[in-house]
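Geometric and topological summary
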Amino acid sequence: MTEQLLRQVRIALQNGDIPTAIDGLERAAVAASEAGDHASEGRHLGNLGLLYRRIGMKEEALIAFHRALLSARADGDRLTESGLLGNMGNILREIGRYDDAVTHLGQALTLAQAVDDQRGRGIWLANLGLVYDDLHRPEDAIPLHEESVTLARTFRDQRGLAARLSNLGNSYVTLNQLEAAIPLFEEAALLFRDLGDKNALAQRLGVIGNLYATLGRATKSRRAQLDFFRKALDHYQRTLTLAREINDPVSAAELLRALGSLRLDVGDREGALADFERAVTLYTTLGLTDSAAAIRALMEDE
């Protein structure tokens, strides 16, 4: 009977019939419970939690994960228990229950360590770091992100490493340690380039451009300022090329606007006006008339 229920769940998911899939997983969990099969019961309930989370029903997902957690504990499965606690922690973070998120992710970390699940530890470290980032406590987030980066390197998880380097960079930005953040985003950009992920690459290159521009505007040394601005221009140009390749005209317009402002900073008025003109054209084409008007006003001031 259970196999037939799970087959119905698979077919329902393929057809986008979520209510039928939910009903099938609930019935499969009940059947497993009646048979005293805690492992299967927990697995079905865990899948139910993942399904609820996928469709945005987070409170229902928490309930399903909690039920699965009881089954995992009854079965003595600490590895599964760690995963469920971590998933619950992630949802609790998403709904703003940060104290509860810290508790659940901390418990997930403890269990992952106990069963020597280093890959799981890396995931929960990164996610706990994000909770502290949300709480504007970068000094607590940084050690967690650093350890998660180390584990990603150990497992040669290139995509995970790129994401965790970015998380660590964001924490340093919050601390206003921009020069410490830049190499982290640079390494993440190289990883995303090698992975062929142009969207993620463009996002990191744009961030680096913003950081260099901010550093340039904050320094009093004209020589250092021009060096920062040169690096910012280079990263903005590379990001603009990617934005065009991935057909992202909104980002392209924003980059042209940023390039124009930066050219004004370095004294290239003619180049700035040319970038502003291109940005206005793009904004107008996209129907973003307020943005176009703001740039026209800036051009008139020049």
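The structure under discussion appears in the preceding block.
Attention here is on the structure that accompanies the text. (Residues numbered from 1 in each chain as written. Predicted model: local features only at pLDDT ≥ 70, side-chain atom pairs only at ≥ 80, totals over all residues. Heavy atoms only, no water.)

**Digging into the packing of helix α3 (residues 38-54) against helix α4 (residues 58-75)**
What counts, and what does not: Simply put, an axis is a line fit to the C-alpha atoms, just over the touching stretch for a helix, and the angle between two N-to-C directions goes from 0 to 180 degrees. Each helix is a run of DSSP H or I of at least 4 residues and each strand a run of E of at least 2, with the numbering of both proceeding from the N terminus. Put simply, angles under 35 degrees are roughly parallel, angles over 145 are roughly antiparallel, angles from 65 to 115 are roughly perpendicular, and the rest are oblique. Crossings are classed by handedness, with left-handed meaning an anticlockwise turn of the near helix from the far one by less than a right angle and right-handed meaning a clockwise turn. Residue contacts follow a heavy-atom distance rule, with two residues in contact if any of their heavy atoms lie within 4.5 Å. Asp, Glu, Lys and Arg are counted as charged, while Ala, Val, Leu, Ile, Met, Phe, Trp, Tyr, Cys and Pro are counted as nonpolar; the rest, among them Gly, fall into the polar class.
Between α3 and α4, whose axes approach to 8 Å, the crossing angle comes to 160°. Viewed along their axes, α3 and α4 adopt a mutual orientation that is roughly antiparallel. At the point where α3 passes α4, the crossing takes the left-handed sense. Every residue of α4 that contacts α3 at H38, A39, E41, G42, L45, G46, L48, G49, L50, Y52 and R53 is listed here: E60, A61, A64, F65, R67, A68, S71, A74 and D75. Among the residues making up the contact of α3 with α4, the classes are represented as 10 nonpolar, five polar and five charged.

**Description of the environment of D268**
Inclusion rule: Categorising residues by exposure relies on relative accessible area from a 1.4 Å probe, with only protein chains included: less than 20% of the type maximum marks a residue as buried, more than 50% marks it as exposed, and the intermediate range marks it as partly exposed.
One can find D268 in the loop between α13 (249-265) and α14 (269-286). For D268, a relative accessible area of 31% gives the class partly exposed. Once the C-alpha coordinates of D268 and L69 are considered, the two residues, 199 residues apart in sequence, prove to be 62 Å apart.

**Here's the deal with the packing of helix α9 (residues 158-174) against helix α10 (residues 178-195)**
Across the interface, α9 lies against α10 with an axial gap of 8 Å and an inter-helix angle of 160°. Considering the angle they form, α9 stands roughly antiparallel to α10. Considering the relative orientation of α9 and α10, their crossing is left-handed. Contact residues: α9 offers Q158, R159, L161, A162, A163, L165, S166, L168, G169, N170, Y172 and V173, while α10 offers L178, A180, A181, L184, F185, E187, A188, L191, F192 and L195. Across the contact of α9 with α10, the residue classes tally to 16 nonpolar, four polar and two charged.

**Quick look at helix α2 (residues 18-34)**
Just so we agree on the cut-off: Given a helix with a known number of residues, its expected span is that number minus one, times 1.5 Å.
Its 17 residues give α2 an end-to-end C-alpha distance of 24 Å, which sits within 8% of 24 Å, the value for a rise of 1.5 Å per residue. All of the buried residues in α2 are I18, A21, I22, G24, L25, A28, A29, A31 and A32. The inward-facing, buried residues of α2 contact α1 (2-14) and α3. In the stretch just after α2, G36 is the one whose phi turns positive, near 75°.

**A closer look at the nonpolar core**
So the rule is basically this: Here, the term nonpolar core denotes a set of buried Ala, Val, Leu, Ile, Met, Phe, Trp, Tyr and Cys residues that are joined through side-chain atoms within 4.5 Å.
L165, L211, Y212, L262 and I295 are the most contacted members of the largest nonpolar core, which has 50 residues in total. Going through the elements one at a time, α8 (138-154), α9, α10, α11 (198-218), α12 (222-245), α13, α14 and α15 (289-301) are the ones with two or more residues in this core. Ranked by residues supplied to this core, first place goes to α11 with 10 residues. Those residues in contact with Y212 that sit more than four places away from it in its chain are I182, E186, F228, K231, A232 and H235. Grouped together as the second largest cluster of nonpolar side chains are 37 residues, A64, L92, A112 and L144 included.

**What to know about α4**
Compared with an ideal rise of 1.5 Å per residue, which puts 18 residues at 26 Å, α4 spans 25 Å between its outermost C-alpha atoms and is within 8% of the ideal. Buried residues of α4: A61, L62, A64, F65, A68, L69, S71 and A72, and no others. The first or second residue beyond α4 is G76, which carries a positive phi of 70°.

**A word on a nonpolar patch on the surface**
Keep this limit in mind: What makes a patch is a set of residues exposed beyond 30% relative accessible area and free of salt bridges, joined within 9 Å when like-charged and within 5 Å when nonpolar (Val, Leu, Ile, Met, Phe, Trp, Tyr). Each accessible area value is a Shrake-Rupley result obtained with a 1.4 Å probe; residue values ignore everything except the protein chains displayed when judging cover. We define a salt bridge as a contact between a side-chain nitrogen of Lys or Arg and a carboxyl oxygen of Asp or Glu at a distance within 4 Å.
On the surface, a nonpolar cluster with roughly 200 Å² of combined accessible area is contributed by V250, L286 and L288. With respect to the helices, strands and loops of the structure, V250 is situated in helix α13. Residue classification places V250 among the partly exposed residues on the basis of a relative accessible area of 40%.

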